Amino acid sequence: RWEREGILFLRSECVSEDGLDLSQSMFISQEAHAALIRGEVRSGDILMTITGNVGRVVLLDKEFGIANTNQHVARVRIVEPSVDVRYVYYYLSQPAVRAYYNAITTGQAYPQISLIQVRDTKIYFPPLPEQRAIAAALSDVDALLAANAALIAKKRLIKQGVMQELLTGRRRLPGWNAPLGHRQTEVGIIPAGWDIVPLASIAKGPMQNGLFFEPSRKGRGVKLINVGDLYVGPPINLENLELFDAT
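Rules of the game
Residues numbered from 1 in each chain as written. Predicted model: local features only at pLDDT ≥ 70, side-chain atom pairs only at ≥ 80, totals over all residues. Heavy atoms only, no water. Pairing = 2+ DSSP bridges. Helix = DSSP H or I, 4+ residues; strand = E, 2+ residues; numbered from the N terminus. Axes fitted to C-alpha atoms, helices over the stretch in contact; angles between N-to-C directions. Contact = heavy atoms within 4.5 Å. 1 Å grid on protein atoms, 1.4 Å probe; cavity = no way out; pocket = protein on both sides within 12 Å on 5 of 7 lines; lining within 4 Å. Points joined across faces, edges and corners; volume = space filled by probe spheres on them.

> Quick question: what am I supposed to make of the sheet that holds strand S9 (residues 73-76) here?
Backbone-to-backbone hydrogen bonds pair the strands of a sheet. The strands run either parallel or antiparallel. Strand order in the open sheet formed by three strands is S7-S6-S9, and the pairing between neighbours is antiparallel. Unpaired on one side and paired on the other, strand S7 (57-59) and S9 mark the two borders of the sheet. Pairs of neighbouring strands in the sheet enclose a mean axial angle of 20°, with direction left out of account. Bridge analysis of strand S6 (residues 46-49) against S9 gives four bridges, and the strand direction is antiparallel. What sits directly across from Leu-47, in S9, is Arg-75. Seen against the sheet, helix H2 (residues 85-93) touches S6 and S7 and runs at an angle of roughly 165° to S7.

> I'm lost on the layout of surface pockets in this one. Help?
Empty space left among the atoms is revealed by rolling a probe the size of a water molecule over them. Put simply, the second largest pocket is a space of about 560 Å³. In terms of lining residues, the second largest pocket is bounded by 19 residues, among which Ala-74, Arg-75, Val-76, Leu-115 and Arg-119 are the most central. Of all elements in the fold, only S9, H2 and helix H4 (115-119) reach the threshold of two or more residues within the lining of the second largest pocket. Examining the composition of the lining of the second largest pocket, we find that four residues originate from one element, S9, more than from any other.

> Would you mind going over the sheet that holds strand S1 (residues 7-10) with me for this structure?
Read from one edge of the open sheet, four strands run S4-S1-S8-S5, paired in mixed fashion. Strands with a single pairing partner mark the edges of an open sheet, and in this sheet they are strand S4 (26-28) and strand S5 (40-42). With direction set aside, neighbouring strand axes in the sheet form an average angle of 45°. By the bridge criterion, three bridges tie S5 to strand S8 (residues 66-69) in an arrangement that is antiparallel. Directly across from Arg-42, in S8, lies its bridge partner Ile-66.

Below, the structure written as structure tokens:
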């Protein structure tokens, strides 16, 4: 059972496209952790999702400590001294490896790969000094992307605030500050001169949703946008979309 505090428990949702997402984690007791010791993970481990959206990977940094996880996540623990764990992490992160795992999944309704398939993954290995150089270069890129992501997140918050003000008429653009006042409507106060209309009155044709997903039609045809794809954008990553026979 889940606890209010204790040993961190990582679910497959924690291994996200953007790194480790602890907002999806839970806690278990020390006793439960001891009973589930096979699922223990710690600093330096690589975690990979092996069910559902397979092939997502994260590297637990040296400050992470210990945690536990479930059967939906594979633990890769590098013990060979001639191997740089960061190099392995970046190798497993590349789109070609992700595509390979997606190609060998079993189970139509709930795709999965086995631990044996993970163990059998072939990896290109240069000498250790070159592994470290490659990992360092890619780590520098990650640091730059993280800095840009923080700036983008800040700008996005500013944009959301501005949108709220502009789209409700609380703030007017230069040249549009006509002294017409405001009026009360069924959705709130809006500037005089604005209208309230149903979306259907300005959209073309009847609104509709997509096709019913049948697993037997997966793997061929056109690219299919699932509801889960909407959570990782915008923009939607077209390279990761599944194929679906819509005929």
